[in-house]
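Listed here are the chains, written in short residue letters.
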Amino acid sequence: IGSEAIQVWSDILTAVPGSQLLLKYRSFSDPETRDYFSNRFAIHGIDHERISFLGLTPDKRRHLSAYNDVDIALDSFPYNGTTTTCDTLWMGVPVVTLNGGCHAGRVGVSLLRQVGLEELIAASADQYVTFAVALAGDTARLEQYRSTLRGIMGKSGLCDPESFMGELEGVFRDLWTQWCLAQGGRSR
């Protein structure tokens, strides 16, 4: 979690009075790590009581149940979540992501596009804050996400390996054809 993410998340916490941030990662089982991150948020005026930490969860059931207490997920950057983002969406929690400059910073974009949530893909840090703050104030939209996201995800390419592979094979065929034609030959 880089300094820019801490700043942006602090801006969101400041703009949404009473909000709290839950940081979940196995390293947060360590008290020194929790203190380190609490202090990084305190630099931006965020009281340590507004930050909660969840370390390693013992099993998948307890991991997923933690999402019952989450309204909005803020994708990490510059390195986005992958499995965590999928788990989050599966549990009906919308994810705000920032479109980064490399693969690791665009995974969230790819996942959100697969489930049709382009409206949560921010092009800048300022837009990321705007999206998160607006979503925090829209309880009807949050309820809609909570009740529909699992079904939407289940019907998306993320949960349809046959369609995904068919599309991927088509891309490979097109690339092969282009390469063959560039070599002066014919494609098969």
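For the structure, check the block above.
Below or above, wherever it landed, is the structure these notes cover. Since this is a predicted model, take the numbers as computed values, not measurements. (Residues numbered from 1 in each chain as written. Predicted model: local features only at pLDDT ≥ 70, side-chain atom pairs only at ≥ 80, totals over all residues. Heavy atoms only, no water.)

1. Structural notes on the overall build of the protein
A count of helices and strands for the protein gives 8 helices and 5 strands. Overall, the protein shows an N-to-C arrangement of helices and strands of α-β-α-β-α-β-α-β-α-β-α-α-α. Along the first, second and third principal axes, the C-alpha atoms of the protein reach 65 × 35 × 35 Å. A buried classification covers 37% of the 188 residues belonging to the protein. (Helix = DSSP H or I, 4+ residues; strand = E, 2+ residues; numbered from the N terminus. Buried < 20%, exposed > 50% of the residue type's maximum accessible area, 1.4 Å probe, protein only.)

2. Observations regarding helix H7 (residues 139-155)
The first and last C-alpha atoms of H7 sit 25 Å apart over 17 residues, in line with the 24 Å expected at 1.5 Å per residue. Where H7 bends most, at threonine 148, the angle is about 50°. Residues Leu142, Tyr145, Leu149 and Met153 constitute the buried set of H7. Buried residues along H7 sit in contact with helix H4 (83-90) and helix H6 (125-136). (Expected span 1.5 Å × (residues − 1). Bend = angle between axes of the 7 residues up to and from the residue. Contact = heavy atoms within 4.5 Å.)

That's the geometry; what it means functionally is another story.
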